[in-house]
Amino acid sequence: MQRGWTAALVVVMLLAGCSSKPSIPVNDDQTLVMESSVLAAGITADQPSLTVSDTNPSASSSLFNERDEPVTVHYRFFWYDARGLEMHPLEAPRSVTLPARSAITLYGSANYLGAHKVRLYLYL
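It should be emphasised that the depicted structure is a prediction, and the values quoted were computed from it without experimental measurement. (Residues numbered from 1 in each chain as written. Predicted model: local features only at pLDDT ≥ 70, side-chain atom pairs only at ≥ 80, totals over all residues. Heavy atoms only, no water.)

Caption draft 1: A look at the environment of S109. Along the polypeptide, S109 turns up in strand 7 (residues 102–109). When the C-alpha positions of S109 and S60 are compared, they lie 8.9 Å apart, and in sequence the two are 49 residues distant. Apart from residues no more than four positions distant in its own chain, S109 is found in contact with N56, P57, S58, W79 and E91. (Helix = DSSP H or I, 4+ residues; strand = E, 2+ residues; numbered from the N terminus. Contact = heavy atoms within 4.5 Å.)

Laid out in structure tokens, this is it:
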């Protein structure tokens, strides 16, 4: 009888693991997430800086292209409330082309009052 319960428990745990939603594995202090392909393409970035005002919070981050050719980078700002919960709806992903050997600044603005944290996600 014990063996049957153990097998059932293993099956339930496996099903629970399969039903979880994919997410970016980061901690609360990680405000910049870059896929490895971005780094391989010669792109570096500063941590986003958050400005909280009476209206909408905003964030900015500088990106640098170390290569001799332009690179298109896709990005999205994720906004979090004071408890660290992701705020929805999510912003639409955006794209920018960095010219060769140059820098640009990305800007994002939260469409919600109460955004206290921001995370920038970069990918190709």
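Caption draft 2: Highlighting the side chain of S61. Within the element layout of this structure, S61 appears in strand 4 (residues 58–65). Among the residues examined, S61 registers a relative accessible area of 2% and is labelled buried. Side-chain polar atoms of S61 contact the backbone oxygen of D46, separated by 2.5 Å. Contact partners of S61, with chain neighbours within four places excluded, come to A45, D46, Q47, P48, I104, T105, L106 and L120. (Buried < 20%, exposed > 50% of the residue type's maximum accessible area, 1.4 Å probe, protein only. Polar contact = N/O pair within 3.5 Å; in protein donor to acceptor, adjacent residues only side chain to side chain.)

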